[in-house]
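Examination of the molecular architecture
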Amino acid sequence: MASLDLQDISKRYSNLAAVDTLSLSIADGELVCLLGPSGSGKSTLLRMIGGFEIPSSGKILIDGVDVAPVPPDKRPTAMVFQSHALWTHMNVWENIAFGLKLRKFSRDEVAAKIARVMELVGLTGYEKRHPSQLSGGQQQRVAIARSIVLEPKILLLDEPFASLDQHLREHLREEVRQIQRQLGITTIFVTHGQDEALALADRIVVMSKGKIEQVGTPDEIYARPQTEFVAGFIGVMNLVSATVSGGSLAFAGEALSAPVADGLATLAIRPEDWKVGEGAGLKATVTRTVNLGAYVLADVALPDGTTVKVHLDKARAVREGDPIEIGIGPFALYRDNMVIHRS
Amino acid sequence: MASDLAPPPKTSKNPLGLLMIAAPVVLMGLFLLYPALRVVLRTFGAADGSPGFSLENYARFFNDSYSLNNLGITLWTTVVTLILLIVVNLPIALYLRFRKGRLATFIQALALFPMFVPGVIICYALIRYIGPNGLLQSLLEHVGITGYQTPIMTPWGPVIGLLWDAMPFTLLVLTAGLAGISNAAIEAAQDVGASRLRILWSIVLPQIRGSLVVCTSLNFLSLFGSVLQPYMLGPTSPELMGPFMLRTFSSVRDPLQAGTQATITFLICSVAGLLYILSMGNRRKAEKETVA
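Here's a quick rundown of the structure.

To continue, consider the overall build of chain A. In terms of helices and strands, chain A carries 8 helices and 21 strands. C-alpha atoms of chain A, sized along the principal axes, occupy 75 × 45 × 35 Å. Taken across its 343 residues, chain A has 50% of its residues classed as buried. Sequence-distant contacts in chain A: of pairs separated by 6 or more residues, those separated by 24 or more amount to 65%. Of the accessible surface of chain A, which amounts to about 15,000 Å², a share of 49% is contributed by carbon and sulfur atoms. When the 36 basic and 40 acidic side-chain charges of chain A are each reduced to a single mean position, those positions are 6 Å apart.

Shown next, in the form of structure tokens:
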């Protein structure tokens, strides 16, 4: 188990910066999710930590030791790949034993370590099977077992469940969380699924265009996004352009208090933060409803033509075309991608 | 789940399917299998053509030191060429698999170039270049190196010609096999501490075993029965089985003995063929297991 410090890490391909002067500290035993859209640099950053990419500049300190120039096999890290990357000509036992044999463990030690991790990932009895005889979820468990059997200080997971179905993904992420807690291993998990990050992480690092947009706990990231990008990327958010003038923001005919400098700003409000019901203020019309199980997500057209998303209680039984009254609840204002005001 | 899989199409009871394969099967039977079977059966008769079973023709072949030498040199040429094909092409295939860019494209084009040159042109080019009084000898003498021994008309002549000729096919099969290994599989091995040599030995080679078997067995078939390169670049004595059969048939005018030589060649090649069929069978079995 170890701490990780990234200091001004950059990775440039010709003129393009995949990771741009990024710094981050991860504590011993923490599970951190790198979250971002495709091309945000999260996998490149993970691959640099694992030693598969050499940083153009910066330091990667594991327990205070710079490992930036060290090859992957000499680092105290282990990587679980998106495509499982199992060796198809070896059975499960051989896949897991390969790294142990390279480290010259005795036969008894290898057997004992493999038995322990097989139990940990719930695959005892599958030792003689080949990868082709396993399901996708089982293959990913073998890949995890192959990595943790080497007792790395830092476990790196690169979108490990991307190829699995939603149900299995939810199940496996719970297992990963349990294993991580059991072993207390520092873990970095790359994903582009915000639900995965919100459910799994101690802290989330939201990335965009090779830079960190925000670092925080899942609650902080969801409730208090620091940038407009994070606000739009995490969860569902209504983002509406509005003009601030004299400390007031005009929105759908209402004046909202906005003690910020005059000019254009982006109003951000979550669907669940609208007030709904008689006397809420804005008379609107439901234009579309989507049943999301516990609640209904409705598209609501405001009098000025703006359409916003609103969470509605299922008990309301609204239909498309029904009139509805909504009012603005807690909101945030963004300008130049940074938050400038929260109500 | 196997039970979820659609049943295979019942082609055996489909008259249209039978009709479609009827013409090629009849043609194969008439013009390939029947004459081949006749020749093989005749070789198990008496040398003078009298009826009855006899191993006389085979006894003649195996008691003749010249024929045995020819068989030996053919086996030697085939095995040496096969080894060189793998030794030369595997590093190129590995380079092409793991390196991208202009140099890799150029090397690939260069390695596949022989595919587009007729064998007879290759032979003439080799004779003019590395043959006696060829370009190479002249160049060496220009820089003061004398005593050049040409490989043409020695057992190495056919090896060089066959190597050139079989290189593109071998390279294509090996690169196709290597393309099936993901970068992540290599990186995973690197991650657990394997050196490059260990990755090659424990991860790459076992995963291209099928491709190695395919190019070895198919090359064995074409090398063992080759005629052109051994005829144009090889020694006249001992000679390889291809030119030997040709000469026995057309110059010596002994079709029965040529048939015997061909049957022996066929039986040796069947071992390579069997290896190929077994390899294909294993691959299908593995695919079936993956589907199940």
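A few words on the overall build of chain B. Regarding its fold elements, chain B presents 13 helices and 0 strands. Reading chain B from its N end, one meets helices and strands in the order α-α-α-α-α-α-α-α-α-α-α-α-α. Computed over its C-alpha atoms, the radius of gyration of chain B comes to 24 Å, more than 25% above the 19 Å expected for a compact globule of 292 residues. C-alpha extents for chain B along the principal axes are approximately 75 × 65 × 35 Å. By the burial criterion, 39% of the 292 residues in chain B qualify as buried. In chain B, once contacts between residues fewer than 6 apart in sequence are set aside, the share between residues at least 24 apart is 70%. Counting every atom, chain B has about 17,400 Å² of accessible surface; 70% of that belongs to carbon and sulfur. Counting 19 positive and 12 negative side-chain charges, chain B places the averaged centre of each group 8 Å from the other.

This paragraph deals with the sheet that holds strand 15 (residues 275–276) of chain A. Strand-to-strand pairing in sheets goes through backbone hydrogen bonds, with the strands running parallel or antiparallel. Residues and elements named next belong to chain A. Spatial ordering of the open sheet is given by 15-19-16-17-18, a layout of 5 strands whose pairing is antiparallel. The two strands at the open ends of the sheet, each matched to only one other strand, are strand 15 and strand 18 (307–313). Where strand 17 (residues 295–301) meets strand 18, 7 bridges bridge the pair, whose relative direction is antiparallel. Of the residues in strand 18, the one forming a bridge with A298 is V310.

What follows concerns the state of the cysteines. Across all of its chains, the model carries 0 disulfides over all chains by this definition. No disulfide involves B:C123; its nearest neighbouring cysteine sulfur is the one of B:C269, lying 19 Å away.

Turning our attention to the interface of chain B and chain A. Contact residues are listed per partner, giving 17 residues for chain B and 22 residues for chain A. Both faces considered, chain B and chain A share a buried interface measuring about 1,700 Å² in area, 59% of it formed by carbon and sulfur atoms. Summed over the three residues of chain B that lose the most area to chain A, namely B:E187, B:D191 and B:V192, the buried surface amounts to 37% of that side. Inspection of the region where chain B meets chain A yields 1 salt bridge. Two residues, A:R47 and B:E187, come together in a salt bridge whose shortest N-O distance is 2.5 Å. Remark: the boundary between chain B and chain A carries 6 residue pairs in polar contact (both at pLDDT 80 or more). Sorting the residues of the side of chain B that touches chain A by element identifies helix 8 (183–191), helix 9 (196–207) and helix 13 (255–291) of chain B as the ones contributing at least two each. Tallying contributions element by element places helix 8 of chain B first for the side of chain B that touches chain A, with 7 residues. Split into classes, the residues belonging to the side of chain B that touches chain A amount to 8 nonpolar, 5 polar and 4 charged.

Calculation rules
Residues numbered from 1 in each chain as written. Chains lettered and ligands numbered in written order. Predicted model: local features only at pLDDT ≥ 70, side-chain atom pairs only at ≥ 80, totals over all residues. Heavy atoms only, no water. Helix = DSSP H or I, 4+ residues; strand = E, 2+ residues; numbered from the N terminus. Buried < 20%, exposed > 50% of the residue type's maximum accessible area, 1.4 Å probe, protein only. Contact = heavy atoms within 4.5 Å. Areas by Shrake-Rupley, 256 points an atom, 1.4 Å probe, with all protein chains shown as cover. Lys, Arg positive; Asp, Glu negative; His and termini not counted. Charge placed at Lys NZ, Arg CZ, Asp CG, Glu CD. Rg over C-alpha atoms; globule rule 2.2 N^0.38 Å. Pairing = 2+ DSSP bridges. Disulfide = S-S within 2.5 Å. Buried area = accessible area lost by both parts, 1.4 Å probe. Salt bridge = Lys/Arg side-chain N within 4 Å of Asp/Glu carboxyl O. Polar contact = N/O pair within 3.5 Å; in protein donor to acceptor, adjacent residues only side chain to side chain. Nonpolar A, V, L, I, M, F, W, Y, C, P; charged D, E, K, R; others polar.

What is shown is where atoms sit, not what they do.
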